[in-house]
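Survey of secondary and tertiary structure
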Amino acid sequence: MLAPCAHASAILYSLVETAKANDLVVHDYITTCLQHLAEQPDNLEPLLPWNISKARCR
C-alpha cells in the first residue's frame, strides 16, 4: 500500500498526464477539477476529459 504522500502524488500525476493526453491545458484542467469537486464531490462524470468544455481547458 502506498504512503499517503505517494498516493496523493500518484493522483496528481494521473491528472496531469490525463490533461496532456487529451490536449487540455494542465493548469486549467486541474483548477476545473478542484472547483467542481469542492461543489459536487459525488458527481465525477463532468470531469472526464471528453466531457470538459473546450472553452474551460483548451
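Above this text sits the structure in question.
Residues numbered from 1 in each chain as written. Predicted model: local features only at pLDDT ≥ 70, side-chain atom pairs only at ≥ 80, totals over all residues. Heavy atoms only, no water.

A short note on helix α1 (residues 4–21)
Convention followed: Each helix is a run of DSSP H or I of at least 4 residues and each strand a run of E of at least 2, with the numbering of both proceeding from the N terminus. To estimate how far a helix should extend, the number of its residues minus one is multiplied by 1.5 Å.
Along its 18 residues, α1 runs 26 Å from first to last C-alpha, staying within 8% of the 26 Å computed at 1.5 Å per residue. Trailing α1 by a residue or two, Asp23 shows a phi angle of about 55°, which is positive.

A closer look at a nonpolar patch on the surface
We apply this condition: Residues enter patches when they are more than 30% accessible in relative terms and free of salt bridges; like-charged ones are connected within 9 Å and nonpolar ones (Val, Leu, Ile, Met, Phe, Trp, Tyr) within 5 Å. A 1.4 Å probe and the Shrake-Rupley method give the accessible areas. Residues count as covered only by the protein chains that appear here. Salt bridges are defined as contacts in which a side-chain nitrogen from Lys or Arg sits within 4 Å of a carboxyl oxygen from Asp or Glu. Only protein chains enter the area calculation, which uses a 1.4 Å probe; residues under 20% of their type maximum are buried, those over 50% are exposed, and those in between are partly exposed.
A cluster of nonpolar side chains, Leu34, Leu37 and Leu44, forms an exposed patch at the surface whose accessible area comes to about 280 Å². Note on placement: Leu37 falls in helix α2 (residues 26–39). Look at Leu37 and you get partly exposed, because its relative accessible area is 33%.

Re the side chain of His36
Stated precisely, the cut-off is as follows: Any two residues whose heavy atoms approach within 4.5 Å are treated as being in contact.
Turning to its location among the elements, His36 is positioned in helix α2. Under the relative-accessibility criterion, His36 is labelled buried at 13%. If we skip the residues at most four places from it in the chain, His36 touches Pro41, Asn43, Pro46 and Leu47.

Quick look at the environment of Ile30
Inspection of the secondary structure assignment puts Ile30 in helix α2. Using a relative accessible area of 16% as the deciding quantity, one classes Ile30 as buried. The spacing of Ile30 and Asn43 is 13 residues in sequence and 16 Å in space, taken between C-alpha atoms. Apart from the residues within four sequence positions on either side, Ile30 is in contact with Leu12, Leu15 and Val16.

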